[in-house]
Amino acid sequence: ARTIAKVLGLFFENEFKAIARAMGALYPHVRTVFEIGGESSKYIRLEGSNIADYDRSGECAAGTGSFLDQQALRMEYSVEEVGEVVCTATCSARIAGRCSVFAKSDMIHAQQKGYSPAEILRGLCDAVARNYKSSIVKGRPAAGPVALIGAVSQNAGVTNAVREAFALSPEDLFVPAEFAWCGAIGTAILESEELRKRSIFEIH
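Residues numbered from 1 in each chain as written. Predicted model: local features only at pLDDT ≥ 70, side-chain atom pairs only at ≥ 80, totals over all residues. Heavy atoms only, no water.

Chemist: Help me understand the nonpolar core in this model?
Modeler: Most often, soluble globular proteins keep nonpolar side chains buried together rather than apart. Within the largest apolar cluster, 35 residues are counted, with the highest numbers of intra-cluster contacts made by Phe34, Ile36, Leu121, Tyr132, Val158 and Val162. Those elements giving two or more residues to this core turn out to be strand E1 (32-36), helix H3 (65-74), helix H4 (79-86), helix H5 (100-112), helix H6 (117-137), strand E4 (146-149) and helix H7 (156-165). Per-element tally for this core: the top contributor is H6, with 10 residues. When near neighbours in sequence (up to four residues on either side) are disregarded, valine 162 contacts Phe34, Ile36, Ala129 and Leu173. Listed in part, the 14 residues of the second largest apolar core include Ala22, Val30, Ile44 and Ile149. (Core = buried A, V, L, I, M, F, W, Y, C linked by side-chain atoms within 4.5 Å. Buried < 20%, exposed > 50% of the residue type's maximum accessible area, 1.4 Å probe, protein only. Helix = DSSP H or I, 4+ residues; strand = E, 2+ residues; numbered from the N terminus. Contact = heavy atoms within 4.5 Å.)

Here you go:
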């Protein structure tokens, strides 16, 4: 993104800073941000409008939206259907969340043991939440209110699994209406502030 911005002469901003700025403007009461996107995940702890701690996933997409999409297709479901289906399950199969190969093996084993598709998909959602907690948050505090952003937040199965994994109530973890645009909104605010500063400097 930085290279493209430089070539096109566009404004570039660090995505952690952009998300924090958007939260400060829209939801100043938020203390922690969980982002689970299609290819990466992030953790941000805020103190006021400042970033106190942060981390992100590496190159592996395990536990992200693409992982969930890939595994859902193996069950012949679209990723958009998963949340609704999972809500009908009364229990979940144990599925590995760190590796697609292990996940596939666990899913086949769960089918052989008689788990329903809904229970296996719920297991996938639980795996995404477990992987996020162990690989991204890594024991850091998750003080509420927590904002869960990224497109995966629209999957009710994952949202519920994240709440359970971190022992958060519906009041402590919520999905903002701007779940997919926080980075863009924050970047726009930061650019506007930067342009205003330049304008004041030029006047003086």
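Chemist: Would you mind showing me how to read the environment of cysteine 125 here?
Modeler: Structurally, cysteine 125 is set in helix H6. In this structure cysteine 125 comes out as buried when scored by relative accessible area, which is 0%. In sequence terms cysteine 125 and alanine 161 are 36 residues apart; their C-alpha atoms lie 6.4 Å from each other.

Chemist: Quick question: what am I supposed to make of the pairing of E1 here?
Modeler: Where a strand is regular, its side chains alternate between the two sheet faces. With five of five residues buried, E1 lies mostly within the body of the structure. Residue alternation in E1 divides its side chains into two sets, Thr32, Phe34 and Ile36 and Val33 and Glu35, and both sets are buried. Bridge count for E1 against strand E2 (residues 41-47) is five bridges, and the pairing is antiparallel. Among the inter-strand pairings, glutamate 35 is bridged to a residue of E2, identified as lysine 42. As judged from the four bridges shared by E1 and E4, these two strands associate in the parallel manner. Its bridge partner being in E4, threonine 32 is matched across the sheet by valine 146. (Pairing = 2+ DSSP bridges.)

Chemist: Quick question: what am I supposed to make of the pairing of E2 here?
Modeler: Across the seven residues that make up E2, a large majority, five, are buried. Joining the antiparallel neighbours E1 and E2 is a turn of four residues. Strand direction decides the pairing type here: E2 and strand E3 (residues 50-56), joined by six bridges, are antiparallel. Along E3, the bridge assignment pairs lysine 42 with arginine 56.

Chemist: Explain a nonpolar patch on the surface to me, please; I cannot follow it from the model alone.
Modeler: A surface patch of nonpolar side chains, about 450 Å² in accessible area, is lined by Ile4, Val7, Leu8 and Leu10. By the element assignment, leucine 8 lies in helix H1 (residues 2-8). (Patch = residues over 30% accessible without salt bridge, like charges linked within 9 Å, V, L, I, M, F, W, Y side chains within 5 Å. Areas by Shrake-Rupley, 256 points an atom, 1.4 Å probe, with all protein chains shown as cover. Salt bridge = Lys/Arg side-chain N within 4 Å of Asp/Glu carboxyl O.)

Chemist: Sorry, what's going on with the packing of H4 against H6 here?
Modeler: Packed helix pairs are specified by the crossing angle of their axes together with the interaxial distance, meaning the distance between the axes. Orientation of H4 relative to H6, taken along the N-to-C sense of each, is 105°, at an axis distance of 9 Å. On the basis of their axis angle, the class for H4 and H6 is roughly perpendicular. Every residue of H6 that contacts H4 at Val82, Val85 and Val86 is listed here: Ala118, Leu121, Arg122 and Cys125. (Axes fitted to C-alpha atoms, helices over the stretch in contact; angles between N-to-C directions. Parallel < 35°, antiparallel > 145°, perpendicular 65-115°, else oblique.)

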